[in-house]
Amino acid sequence: MSQSAAAQNHSPEAVTHNDMANAVRALAMDAVQKANSGHPGMPMGMADVATVLFSRFMKFDPSNPTWPDRDRFILSAGHGSMLLYALNYLTGYEKITLEQIKNFRQLHSITPGHPEVMQDAGIETTTGPLGQGIANSVGFALAERMLNARFGNDIVSHFTYVIASDGDLMEGISHESCSLAGHLGLGRLIVLYDDNSISIDGPTSLSFTDNTAQRFEAYGWETFHVDGHDAEAIAKAIAAAQLNTKQPTLICCKTKIGFGAPTKEGKSSSHGSPLGDEEIAGARKNLGWSFAPFEIPDHIFNAWRAIGQQSQTERKNWQLRHDKLTGDARATYDRMLKGDVAAIAAPVIADFKTRMTAEAPKIATRLASSKVLDVLVPALPELVGGSADLTSSNLTLVKTMGKVNKDDFSGSYVYWGVREHGMAAAMNGMALHHGFIPYGGTFLTFTDYCRPSIRLSALMKQRVIYVMTHDSIGLGEDGPTHQPVEHLAALRCIPNVLVLRPCDVIETAEAWQIALEHTTGPSVLVLTRQNLPLVRLDNSADNISKKGAYILKEASSEPVATLWATGSEIEIALKAQDQLEAAGIATRVVSCPSLELFRQQDEKYQASLVGVSKVNVAVEAALRFGWDSIIGSDGIFVGMKSFGESAPAEELYKFFGITAEAITDAVKKKI
């Protein structure tokens, strides 16, 4: 090992930086070794950086881990999770015990290999798929600035710190997100880049020779270079970064992966495997760490616990300032942080439905969504909207919304640019930060660009609302690259995602209400480009769409056929019902705005709709996947079997056989 200062003898009164950092290294080595699985190299390499950050700069209080004005720490290099677990145990987070560290990566422990979110244990979010954490951090930092613009420095003034790896910065999402952060001048975002020059395959020179600092300077970031094992240099850079309120900062920390390991320091062999008993013994000798596995001597342990207490006075002072807020401001702030909007949204939606029932507009559901937002946004300051450069197509902007820019964060609309993946990840960050309910729009076909972040919205149980328009061949002439075919099935198969495809303005309003009330996962609103008639003619105070599927129009007698449809195909199903009834075939139409919600209903309700008829037909301008559980493998599916074509929408529906006549013929043939 190159640093001779690491090996020292200490009295209880003399705890050095090296002691503190080596405690982190030792816990990481020991936990990975006991689990026989994990990544020891990164925690060992970044222990010095993390020790400086937590001991000298981080504003946090483990006794009150969800204190709203705490600094946020995001481990984008989430494979090095033992760094975070060690820090949180040492600083005093009650949930992260030594026993949990000993159970690292074991079933039912709260110390998994790649943690997602556990904010009451000091885990804001980390990266599983590389790049996500640094992209989430942009949403965290943006939320902080937007809340600050609303409630002032006394209530909202904190930093977002990130530890990111070479792999994070290779991922394309880092470009989308960090470009936006520079554009918005998110000066309270500080990224500590673990520049260890090692990837799984070997040295990063095999595939990654960017000048990272120059890249970030081109985005508008401030950059520093430091020796990642020089505590004073690290501290100086972080202090300078804190002073720059107009630019985010990248601190390139030159580190040695597996720092202290006698034969694996600086090598990829220390990245993703236990070091082994012999290597750990050598590392202990090099580091001057003579203690048994998982043993932290009292003087070092107590020094770390003191660090965990050093922000308590600041937290108590913040609480006093919060308690002195005027009644309306305090109530609004508390509600925004809590995120419970059901009581406010419900009467707004009810009034809107009454008005729309009277007006009976024939409009695209994307326009219906816009009309819903026109009434929701003024009532809910929590709502933050945006679009990936498709505002005029997604119709996500309400006129009363101010536009967020680097000089004014008081608005509530974000122009994300052509950055679908970055938008989705940043919205996850905003939701995780708390205070806002983000929604963002693009075309449904581009959920392919958002999918990794949508999956993490679901995995982390975050309320993020995806407004996806141009939902089928109904978008017409733009052709098959823009016409989603497999996307509904692909989204429906992600656990904990609500896919909502409304058929008219009433169902669209109900879909928005469902999305706002769904606090434990994301919702995808799937909306049309083409106009659709009002089919929910009887206004109901209840949100019938919450059942996921319901009888929209009953058969004239015991149904022989049931037509199941969603979205724009409801209109077609209703026409087919008229034709079948005229032919003496009693036919029921079931609207299915959400198959996920329908499957959550009790067995009795599901049985009242499924299997009642001799013939079951699903009608959807998409692929069949997912429908057989409702219509059976012998059921009729009228929809897509291939990619689309470029032509006017009406011609495409005829060409692909998604018509009332096709449904009628298929039912007659089946009977």
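Residues numbered from 1 in each chain as written. Predicted model: local features only at pLDDT ≥ 70, side-chain atom pairs only at ≥ 80, totals over all residues. Heavy atoms only, no water.

K.L.:
Sorry, what's going on with the sheet that holds strand E10 (residues 413–415) here?
P.N.:
Adjacent strands of a sheet pair through backbone hydrogen bonds, lying either parallel or antiparallel. Strands sit in the order E10-E9-E11-E12-E14-E13 across an open sheet of 6 strands; the sheet is parallel. Each having just a single partner strand, E10 and strand E13 (498–500) make up the two edges of the open sheet. Neighbour to neighbour, the strand axes of the sheet diverge by 20° on average, direction disregarded. (Pairing = 2+ DSSP bridges. Helix = DSSP H or I, 4+ residues; strand = E, 2+ residues; numbered from the N terminus. Axes fitted to C-alpha atoms, helices over the stretch in contact; angles between N-to-C directions.)

K.L.:
What's the story with a negative patch on the surface in this structure? I'm lost.
P.N.:
The grouping of Glu477, Asp478, Glu650 and Glu651 at the surface amounts to a negative patch. Here glutamate 650 shows up in helix H25 (residues 649–655). (Patch = residues over 30% accessible without salt bridge, like charges linked within 9 Å, V, L, I, M, F, W, Y side chains within 5 Å. Areas by Shrake-Rupley, 256 points an atom, 1.4 Å probe, with all protein chains shown as cover. Salt bridge = Lys/Arg side-chain N within 4 Å of Asp/Glu carboxyl O. Lys, Arg positive; Asp, Glu negative; His and termini not counted. Charge placed at Lys NZ, Arg CZ, Asp CG, Glu CD.)

K.L.:
Please explain unusual backbone geometry as it appears in this structure.
P.N.:
A negative phi angle characterises most non-glycine residues, just as the trans form characterises most peptide bonds. Positive phi outside glycine occurs at serine 197, with the angle close to 65°. Along the polypeptide, serine 197 turns up in the loop between strand E3 (189–195) and strand E4 (198–199).

K.L.:
What should I look at first to understand the pairing of strand E6 (residues 222–227) in this one?
P.N.:
Within a regular strand, the side chains alternate between the two sheet faces. Bridge count between E6 and strand E7 (residues 249–254): 6 bridges; the pairing is parallel. By the bridge assignment, threonine 223 is partnered in E7 with leucine 250. Traced from E6 through helix H9 (residues 231–243) to E7, the parallel crossover comes out right-handed. (Right-handed = clockwise from strand over helix to strand, strands pointing away.)

K.L.:
How do you make sense of the pairing of strand E12 (residues 465–469) when you look at a structure like this?
P.N.:
Counting buried positions along E12 gives 5 out of 5 residues, so the element sits mostly inside the fold. Because side chains alternate across E12, one face comprises the buried residues Ile465, Val467 and Thr469, and the other comprises Tyr466 and Met468, equally buried. Two elements, strand E11 (residues 437–443) and E12, share 5 bridges in a ladder whose sense is parallel. Residue pairing across strands places threonine 442 opposite methionine 468, the latter belonging to E12. The handedness of the E11 to E12 crossover, carried by helix H18 (residues 447–459), is right-handed. Of the pairings in the sheet, the one linking E12 to strand E14 (residues 523–526) comprises 4 bridges and is parallel in character. Across the sheet, the residue bridging to valine 467 is leucine 525, located in E14. (Buried < 20%, exposed > 50% of the residue type's maximum accessible area, 1.4 Å probe, protein only.)

K.L.:
Would you mind going over the packing of helix H14 (residues 342–359) against helix H20 (residues 505–517) with me for this structure?
P.N.:
For any two helices packed against each other, the geometry comes down to the angle between their axes and how far apart the axes lie. Running from amino to carboxyl end, H14 crosses H20 at an angle of 175°, the nearest separation of the two axes being 9 Å. When the interaxial angle is binned, H14 and H20 end up roughly antiparallel. Taking contact as the criterion, the partners of Ala342, Ala345, Ala346, Ile349, Phe352, Lys353, Met356 and Thr357 in H14 are, on H20, Val505, Ile506, Ala509, Glu510, Gln513, Leu516 and Glu517. (Parallel < 35°, antiparallel > 145°, perpendicular 65-115°, else oblique. Contact = heavy atoms within 4.5 Å.)

K.L.:
Mind showing me how you'd approach the nonpolar core here?
P.N.:
Grouped burial of nonpolar side chains is what soluble globular proteins tend to show. Core analysis: the largest hydrophobic core is formed by 66 residues, its most contacted members being Leu142, Leu186, Leu189, Trp221 and Trp416. One finds Val24, Met42, Phe54 and Phe294 within the second-largest nonpolar core, a separate group that totals 63 residues. (Core = buried A, V, L, I, M, F, W, Y, C linked by side-chain atoms within 4.5 Å.)

K.L.:
Mind showing me how you'd approach the pattern of salt bridges here?
P.N.:
Proximity of charged atoms lets side chains of opposite charge pair with each other. Using the criterion set out here, one finds 24 salt bridges in the structure. Among the salt bridges present, the one from arginine 25 reaches aspartate 48, with a minimum N-O distance of 2.6 Å. Within this pair, whereas arginine 25 is found in helix H1 (residues 17–35), its partner aspartate 48 is found in helix H2 (residues 41–56), the two being separated by 23 residues in sequence. In this pair, the class of arginine 25 matches that of aspartate 48, namely buried. Here lysine 546 and glutamate 517 are joined by a salt bridge, their closest N and O atoms 2.9 Å apart. Of this pair, lysine 546 sits in the loop between strand E15 (531–532) and strand E16 (550–553) while glutamate 517 sits in helix H20, placing them 29 residues apart in sequence. Salt bridges here are not isolated pairs; linked through shared partners, they connect Asp323, Arg330 and Asp334.

K.L.:
I keep staring at the packing of H1 against helix H11 (residues 298–309) and nothing clicks. Help me out?
P.N.:
Contact geometry of H1 with H11 gives a least axis separation of 10 Å together with a crossing angle of 95°. Put simply, H1 runs roughly perpendicular to H11. Counted together, Asp19, Met20, Ala23 and Val24 of H1 and Ile300, Ala303, Trp304 and Ile307 of H11 form the full contact between these two elements. Of the residues contributing to the contact of H1 with H11, the split by class is 7 nonpolar, no polar and 1 charged. (Nonpolar A, V, L, I, M, F, W, Y, C, P; charged D, E, K, R; others polar.)

K.L.:
I tried to follow H20 on my own but got confused; where do I start?
P.N.:
Side chains three or four residues apart in an α-helix point the same way, a direct result of the helix having 3.6 residues per turn. Given a rise of 1.5 Å per residue, 13 residues ought to cover 18 Å, and the 19 Å separating the end C-alpha atoms of H20 matches this to within 8%. With respect to burial, H20 is a largely interior element, 12 of its 13 residues being buried. Every buried residue belonging to H20 is among Val505, Ile506, Glu507, Thr508, Ala509, Glu510, Ala511, Trp512, Gln513, Ile514, Ala515 and Leu516, and all of these are buried. The backbone nitrogen of isoleucine 506 lies 3.1 Å from a side-chain oxygen of the residue at the head of H20, namely aspartate 504. (Expected span 1.5 Å × (residues − 1). Polar contact = N/O pair within 3.5 Å; in protein donor to acceptor, adjacent residues only side chain to side chain.)

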